[in-house]
Amino acid sequence: MAFYEENPNSITGADIVVGIPSYNEVESVARTVEQIDKGLSEYFPDLKSVIINLDNHSSDGTREAFFSAPGKFPRIYLSTAPGVRGKGHNIRNFFEKAAQLSPRALAVVEADIKNISPFWIRNLVGPILKGAGYVCPLYIRHKYEATLTSLIIYPLLRSLYGRRVRQANVGDYAFSPQLLDTYLKPPVWNQGVDDFGIDIWMTNIALASRVPVVQAFMGARKVHRMMDPMAQFHVLFKEVVGAIFELMQVYHDYWVQVKWSKPTALSGTDIHETETPLPVDINISRLHERFTQGLEQYQGTLERVFGPMVITKIQEISSMDLQHFSFPAQTWATILFDAAAAFSRMSADEKSSLLDALLPLYLGRVLSFVKKTERMSVQQAEEYIENECMIFEENKPYIIKVWT
Amino acid sequence: MPKILVVDDEEHIRLLYSEELKEAGYEVITAENGYKLLERIEEEKPDLVILDIKMVDYNGLDLLQDIRNQFYDLPVILSTAYDTFKEDMKSIAADFYVVKSFDLTELKKKIAMALETRLPG
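Residues numbered from 1 in each chain as written. Chains lettered and ligands numbered in written order. Predicted model: local features only at pLDDT ≥ 70, side-chain atom pairs only at ≥ 80, totals over all residues. Heavy atoms only, no water.

Looking at the environment of E246 of chain A
All names here are of chain A. This is how it is decided: Think of it this way: any DSSP run of H or I at least four residues long counts as a helix, any run of E at least two long counts as a strand, and we number them from the N terminus. Only protein chains enter the accessibility calculation, which uses a 1.4 Å probe; a residue whose area is less than 20% of its type maximum is buried, one above 50% is exposed, and one in between is partly exposed. In this analysis, two residues are considered to be in contact whenever any of their non-hydrogen atoms come within 4.5 Å of each other. Distance and chemistry together define a polar contact, namely a pair of N or O atoms within 3.5 Å, with one atom able to donate a hydrogen and the other to accept it when in protein, and with adjacent residues in sequence counting only for side-chain atoms on both sides.
The topology assignment puts E246 in helix α9 (residues 233-250). In this structure E246 comes out as buried when scored by relative accessible area, which is 18%. As for E246 and G364, which are separated by 118 residues in sequence, their C-alpha atoms are 24 Å apart. Residues within four places of E246 in sequence aside, it is in contact with V188, N190, F343 and K351. Looking at E246, its side chain comes within polar contact range of the side chain of K351, at 3.3 Å.

Thoughts on the packing of aromatic side chains
Residues and elements named next belong to chain A. Put simply, the rule reads: Two aromatic rings, drawn from Phe, Tyr or Trp (for Trp, its six-membered ring), form a pair once their centres lie within 6.5 Å of each other, and the interplanar angle then sorts them: stacked below 30 degrees, edge-to-face above 60, tilted otherwise. Put simply, a charge is over a ring when the Lys NZ or the Arg CZ is close to the ring centre, within 6 Å, and near the line of the ring normal, within 35 degrees.
Enumeration over the complete set of coordinates arrives at 25 aromatic pairs over all chains. When the centroid spacing of 5.7 Å and the interplanar angle of 85 degrees are considered together, the rings of F327 and W332 count as edge-to-face. Here F327 matches W332 in class, with each residue buried. Ring centres of F337 and F392 lie 5.8 Å apart, and the angle between their planes is 75 degrees; on these two criteria the pair is classed as edge-to-face. Taken as a pair, F337 in helix α14 (residues 329-343) and F392 in helix α16 (residues 378-394) lie far apart in primary sequence, 55 residues in all. Members of the aromatic cluster, each reached through a chain of ring pairs, are F94, F95, F175, Y183, W189 and W201. The ring of F66 has R75 lying over it, and the distance from NZ or CZ to the ring centre is 6.0 Å. For the cation-ring pair, R122 lies above Y43, with the distance from its terminal atom to the ring centre recorded as 5.7 Å.

Some remarks on the domain arrangement of chain A
All names here are of chain A. Counted only if it meets this: Each domain span listed reflects an automatic or database assignment of domains. What gets called buried area is simply the loss in accessible area from a 1.4 Å probe that two parts show on being joined, summed for both. Should a side-chain nitrogen of Lys or Arg be within 4 Å of a carboxyl oxygen of Asp or Glu, the pair is scored as a salt bridge.
Structurally, chain A comprises domain 1 (4-267) and domain 2 (284-403). Computed from C-alpha atoms alone, the centre-to-centre distance between domain 1 and domain 2 is 29 Å. Each partner contributes to the interface: domain 1 provides 32 residues, whereas domain 2 provides 39 residues. It is K143, L151 and F245 that lose the most area in domain 1 upon contact with domain 2, and together they represent 21% of the buried surface on that side. The interface formed by domain 1 and domain 2 includes five salt bridges. Within the residue set of the side of domain 1 that touches domain 2, elements represented by two or more residues are α5 (147-161), α9 and α10 (252-255). A total of eleven residues in the side of domain 1 that touches domain 2 trace back to one element, the largest contributor, which is α5.

So, in structure tokens, the structure goes:
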């Protein structure tokens with residue numbers, strides 16, 4: 001249970017429960033609450049709703065800003081103990097509190113989104129009230145935004161669990177009370193899930209639970225108050241990829257049965273005005289440097305994990321100069337499948353080393369993707385990714401073989 | 001024998017698909033537009049739908065949304081003369097798409113894949 005709870009309206013039940021995880025978000029939480037409140041008022045006026053701040057014991061006045069934001073729906077404040085950080089802790093508090101409220105729909109929205117608007121709430125919550133199990137947003141993204149999703153998460157989850165969810169690692173989602181029951185009895189919960197791994201954990205379990213998944217088109221980019229994608233990227237990479245690999249062990253009996261993939265339903269398609277993604281600058285020389293340096297640094301780990309065929313391929317790729325650099329999807333699929341299989345048999349320390357060694361290979365894949373798609377439109381780059389996903393799906397028998 | 005529903009307002013396409021797909025071992029039923037399409041699917045219970053995107057009075061991408069909302073896992077293959085439809089976000093709710101052609105090799109391959117797709121129940 002949460003270390004601290006404040007429930008000034010003594011709320012004991014609600015149809016819709018919206019959680020806002022936070023840590024020192026005094027500058028943005030009030031606007032987020034206001035927009036959520038407007039969305040609930042406008043689109044679900046006849047339902048009982050409650051907004052819950054899921055805080056990490058912020059010291060900057062987040063709690064006060066949360067309660068003082070304008071709006072009509074009641075609020076609850078939950079916090080972890082002082083010093084306990086991480087979104088996963090907040091989400092766990094959310095599960096436990098929400099279960100007491102017997103909701104019909106649950107949603108989580110990040111506290112620091114600068115451009116959230118009321119219809120985001122409609123798009124997230126609406127499909128759950130109509131019978132969906134999990135709703136994952138679909139934001140407007142540039143081809144080089146979220147390459148971890150495009151090059152690892154999407155192809156891997158799609159080929160494993162058979163459902164095409166394009167942005168599975170976003171921090172906002174909605175889910176049904178049935179799925180809440182599953183989340184309350186987690187098959188895996190580790191330090192990574194307490195932190196950056198929580199978002200992929202949520203989607204991955206939804207996919208393996210075989211609930212109807214809907215992607216909600218938001219028509220906009222998601223703009224965070226502070227955004228430095230490379231800050232803590234190493235930790236994020238390890239926790240997200242680590243969470244997927246851990247869950248592969250749990251859901252092995254499920255994913256071995258999956259063949260090819262299916263689309264999801266889509267909501268929010270009535271949005272007529274959509275934003276154009278902003279360009280993302282990529283420093284390809286720096287990527288190349290980090291790729292080659294990383295290979296040198298983790299040579300021992302790579303040779304322990306991968307067979308001679310993969311090592312030869314990696315050497316071949318590393319020998320290419322920047323101008324001719326290419327890292328084929330087929331090799332990448334083999335590397336990820338081999339890594340996942342090896343991970344399942346490793347100690348905690350070995351797992352950590354493997355994920356460290358995987359990062360430079362991923363940077364090499366990003367470099368190759370950028371070079372192949374630099375002249376493509378966002379739409380063409382999407383088609384390129386779709387074709388690469390098919391390579392993962394075609395190679396599904398390989399992961400089944402190497403896993404056993 | 002898997003049952004395929006072909007929805008297309010061009011008669012020659014309905015005839016071509018029917019003939020070739022029957023020869024390939026499928027049962028084929030047809031509809032010339034989207035009128036009462038959901039009721040038809042409910043009644044006939046096809047295993048797969050081939051859906052034209054541009055029909056007189058009907059937008060195949062809107063019909064796709066309706067199908068996906070009511071028949072979540074029913075395979076749908078979009079059939080089109082042009083591939084500009086991919087710019088419309090709604091198209092991602094389709095299992096596959098094919099560009100219309102007299103050579104149905106690609107369509108048959110996509111049908112086989114869609115019918116082979118397996119997710120544990």
